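Each chain, letter by letter, is given below.
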Amino acid sequence: MPLKFVYFFVISRGLFITVHDRGHIASILQNWPEKDIKAVCVTDGERILGLGDLGCHGMGIPVGKLALYTACGGMPPQQCLPVMLDVGTDNEALLKDPLYIGLRHKRVRGQAYDELIDEFMKAVSDRYGMDCLIQFEDFANTNAFRLLSKYRNKYCTFNDDIQGTAAVAVAGLLAALRITKSKMSNHTIVFQGAGEAAMGIAELISMAMEKEGLSKTESLKKIWMVDSKGLIVKGRDHLTHEKQRFAHEHPQMKNLEDAVRDLKPTAIIGVAAVAGAFSEQIIRDMASFNQRPIIFALSNPTSKAECTAEQCYTFTEGRGIFASGSPFDAVTLPDGRTFYPGQGNNAYIFPGVGLGVTACALRNITEDVFLTAAEALADLVTEKDLAEGRLYPPLSSIREVSLKLAAKIMDYAYDHKMATLRPEPSDKEAHVRSICYSTDYDDFTVDSYQWPEDCMTVQSCKL
Ligand code: NAD
């Protein structure tokens, strides 16, 4: 769908703001008919899913994410605003496409880009308040990290690709710990990939380990990363500031297979969009030194997954604890056992976080909010789910899941004096329920209603 979004473009379902609109963003926001916006989802279209630079086609993402705010979290749709910041595209095919609706030039970068984002953040907060949530979605790697650290303490904002992913993956790990009966700090984790998803997940894992009593330095030492140049080690080339935190003293290694054999991790997490990266050898090795190896193939879409659910369960003789980014069908092994792979979908996290943040009018979203959400999500997994291989509650219960997450986030926010809604609601769940959008009509039947005399249209419809 994102590849073809603008070919189905009929009416605008969000705001397109271009880099040439600098100086006018406040007045553009005035054009949006709704006045009470609680959540904005924004992209610049540069890294849409695993599909790359899709320019204005990227608008499908904020529209879709905010639809999930309503469908999965119960956020009233009129309070949600999707935004596409059009700074051009480096996608040559789109630039040549006569039907492309975006700016027809290469991406503007540097000072002009930064000024656009600065003005946008200020304009949104001026118009809708400092507690208006701004979710960053599908920005390219360098901008994603940079903008998150620039704005996280100034505005009510988070980056879903980094922090939402982190929470859903850590929730899966926390559920897995209930199967392995171990603590997070007992684990050694190797990531395939060292981008937005890997960094976010690693940061939250390290926080969970710190909560168990490990120091920051000790916790970081338990996490290893392999990127396109090989294992990240001290002294290696091409180490960004983020990667340096996970560079440990170790001989250089070119590939994941060698790293796994040498480091003997208890968990491997794939977030590099390299299909099949968890080879049969790697999975068998994991099963040889772990009673219950944790294998998360999180890359999307399904075609990019590091391994399939079937490969994981088959090569580990059903001992693998598996989660994926995209859905996989249940797997029945020749011995008759059936496993239902968990899907670590961010939709388990961001609607609940959005609901919780807006329900108590938070002005900053700290990393602890995401750890709270991850813990709350893991707690909702039942023993029966775990026995069947599921690390997440069924997606059919997502509204209830989001509600519980939101209530936990509110508890955390009031406990830590971060909430600005006063007075503090005594029953958080009831408060969240009361602000949710309801699709149910009040008790109403056509026959019982006293139609006004002049209401001919409805009367004739009735006939
Ligand atoms: P990113 O571009 O920020 O990072 C990709 C990383 O992969 C980079 O560090 C890169 O060096 C590394 N890489 C590329 N080729 C490699 C190779 N051959 N070997 C090892 N590493 C290699 O992207 P991202 O936002 O981190 O997303 C990565 C993947 O994770 C995507 O497929 C995305 O869909 C998926 N993802 C899943 C979820 C989820 O399941 N909930 C959430 C977010 C992202």
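Scroll up a little and you will see the structure.
Procedures and definitions
Residues numbered from 1 in each chain as written. Predicted model: local features only at pLDDT ≥ 70, side-chain atom pairs only at ≥ 80, totals over all residues. Heavy atoms only, no water. Near = heavy atom within 4 Å. Polar contact = N/O pair within 3.5 Å; in protein donor to acceptor, adjacent residues only side chain to side chain. Areas by Shrake-Rupley, 256 points an atom, 1.4 Å probe, with all protein chains shown as cover. 1 Å grid on protein atoms, 1.4 Å probe; cavity = no way out; pocket = protein on both sides within 12 Å on 5 of 7 lines; lining within 4 Å. Sits in = over half its atoms within 2 Å of the grid points. Axes fitted to C-alpha atoms, helices over the stretch in contact; angles between N-to-C directions. Helix = DSSP H or I, 4+ residues; strand = E, 2+ residues; numbered from the N terminus. Parallel < 35°, antiparallel > 145°, perpendicular 65-115°, else oblique. Contact = heavy atoms within 4.5 Å. Nonpolar A, V, L, I, M, F, W, Y, C, P; charged D, E, K, R; others polar. Salt bridge = Lys/Arg side-chain N within 4 Å of Asp/Glu carboxyl O. Buried < 20%, exposed > 50% of the residue type's maximum accessible area, 1.4 Å probe, protein only. Core = buried A, V, L, I, M, F, W, Y, C linked by side-chain atoms within 4.5 Å. Points joined across faces, edges and corners; volume = space filled by probe spheres on them. Pairing = 2+ DSSP bridges.

1. Side note on the site of the ligand
And step 1. Around the ligand there are 23 residues in total, and Arg-47, Asn-141, Ala-197, Gly-344 and Asn-346 lie nearest to it.
And step 2. Asn-141 places a polar side-chain atom, nitrogen or oxygen, 2.8 Å from an oxygen atom of the ligand.
And step 3. Ala-194 is positioned with one of its backbone polar atoms (N or O) 2.9 Å from an oxygen atom of the ligand.
And step 4. Alone, the ligand offers 860 Å² of accessible surface; in the complex the protein occludes 81% of this.
And step 5. Of the pockets mapped on this structure, the ligand occupies the largest pocket.

2. Comments concerning the packing of helix 7 (residues 196-211) against helix 14 (residues 367-379)
And step 1. Contact geometry of helix 7 with helix 14 gives a least axis separation of 10 Å together with a crossing angle of 80°. With respect to helix 14, the axis of helix 7 lies roughly perpendicular. For the pair helix 7 and helix 14, contact is made by Leu-204, Met-207, Ala-208 and Lys-211 and by Glu-367, Asp-368, Phe-370, Leu-371 and Glu-375, respectively.
And step 2. Of the residues contributing to the contact of helix 7 with helix 14, the split by class is five nonpolar, no polar and four charged.

3. Topic: the pattern of salt bridges
And step 1. Inspection of the entire model under this criterion finds 33 salt bridges.
And step 2. Close ionic contact of Arg-107 with Asp-53 constitutes a salt bridge, the shortest N to O distance being 2.8 Å. Here Arg-107 is found in the loop between helix 3 (92-96) and helix 4 (111-128), whereas its partner Asp-53 is found in the loop between strand 2 (39-43) and helix 2 (60-73), with 54 residues between them in sequence. Like Asp-53, Arg-107 is buried.
And step 3. Across the pair Arg-319 and Glu-317 runs a salt bridge whose closest N-O atoms are separated by 3.4 Å.
And step 4. We classify Glu-317 as partly exposed; its relative accessible area is 49%.

4. So, the side chain of Thr-358
And step 1. Structurally, Thr-358 is set in helix 13 (residues 350-359).
And step 2. With sequence-adjacent residues up to four places away left out, Thr-358 is seen in contact with Lys-38, Met-75 and Leu-133.

5. Description of the nonpolar core
And step 1. Core analysis: the largest hydrophobic core is formed by 121 residues, its most contacted members being Phe-120, Phe-191, Ile-201, Ile-205, Met-225, Ile-349 and Leu-391.
And step 2. When residues in this core are grouped by element, the largest group, 13 residues, is from helix 6 (residues 160-180).
And step 3. With near-sequence residues (within four places) excluded, Leu-391 lies in contact with Gly-172, Ala-175, Ala-176, Ile-179, Phe-296, Ile-321, Phe-322, Ala-323, Gly-342, Val-381 and Leu-386.
And step 4. Counting 28 residues, the second-largest nonpolar core is a separate cluster that includes Met-253, Ile-282, Ile-283 and Ile-295.

6. Structural notes on empty space enclosed by the protein
And step 1. A complete count under the given rule lists one cavity of 30 Å³ or more for this structure.
And step 2. Looking at the largest cavity, its volume works out to about 30 Å³.
And step 3. Contributing to the lining of the largest cavity are Phe-136, Leu-147, Leu-148, Tyr-151, Thr-157, Phe-158 and Asn-159.
And step 4. Counting only elements with at least two residues in the lining of the largest cavity, the list comes to helix 5 (141-151) and strand 5 (157-159).
And step 5. Class assignment for the residues of the lining of the largest cavity results in five nonpolar, two polar and no charged.

7. Observations regarding unusual backbone geometry
And step 1. Omega for the bond connecting Asn-300 with Pro-301 falls within 30 degrees of zero, at -15°, which places this linkage in the cis form.
And step 2. Tracing the sequence through the fold places Pro-301 in the loop between strand 10 (294-297) and helix 12 (309-315).
And step 3. Here the bond from Arg-422 into Pro-423 is cis, since omega is -5°, no more than 30 degrees from zero.
And step 4. With respect to the element layout, Pro-423 can be found in the loop between helix 16 (398-415) and helix 17 (428-435).
And step 5. Even without a glycine there, the phi angle at Ala-273 is positive, about 55°.
And step 6. Its place among the elements puts Ala-273 in the loop between strand 9 (267-270) and helix 11 (280-289).
And step 7. Since its relative accessible area comes to 33%, Ala-273 is described here as partly exposed.

8. What about the sheet that holds strand 11 (residues 321-324)?
And step 1. The strand order across the open sheet built from seven strands is 8-7-6-9-10-11-14, with neighbouring strands paired in mixed fashion. Of all strands in the sheet, those with a lone pairing partner are strand 8 (230-231) and strand 14 (342-343), marking the two edges.
And step 2. Relative to strand 11, strand 10 is paired through four bridges, and the arrangement is parallel. Paired with Ile-294 across the two strands is Ile-321, which belongs to strand 11.

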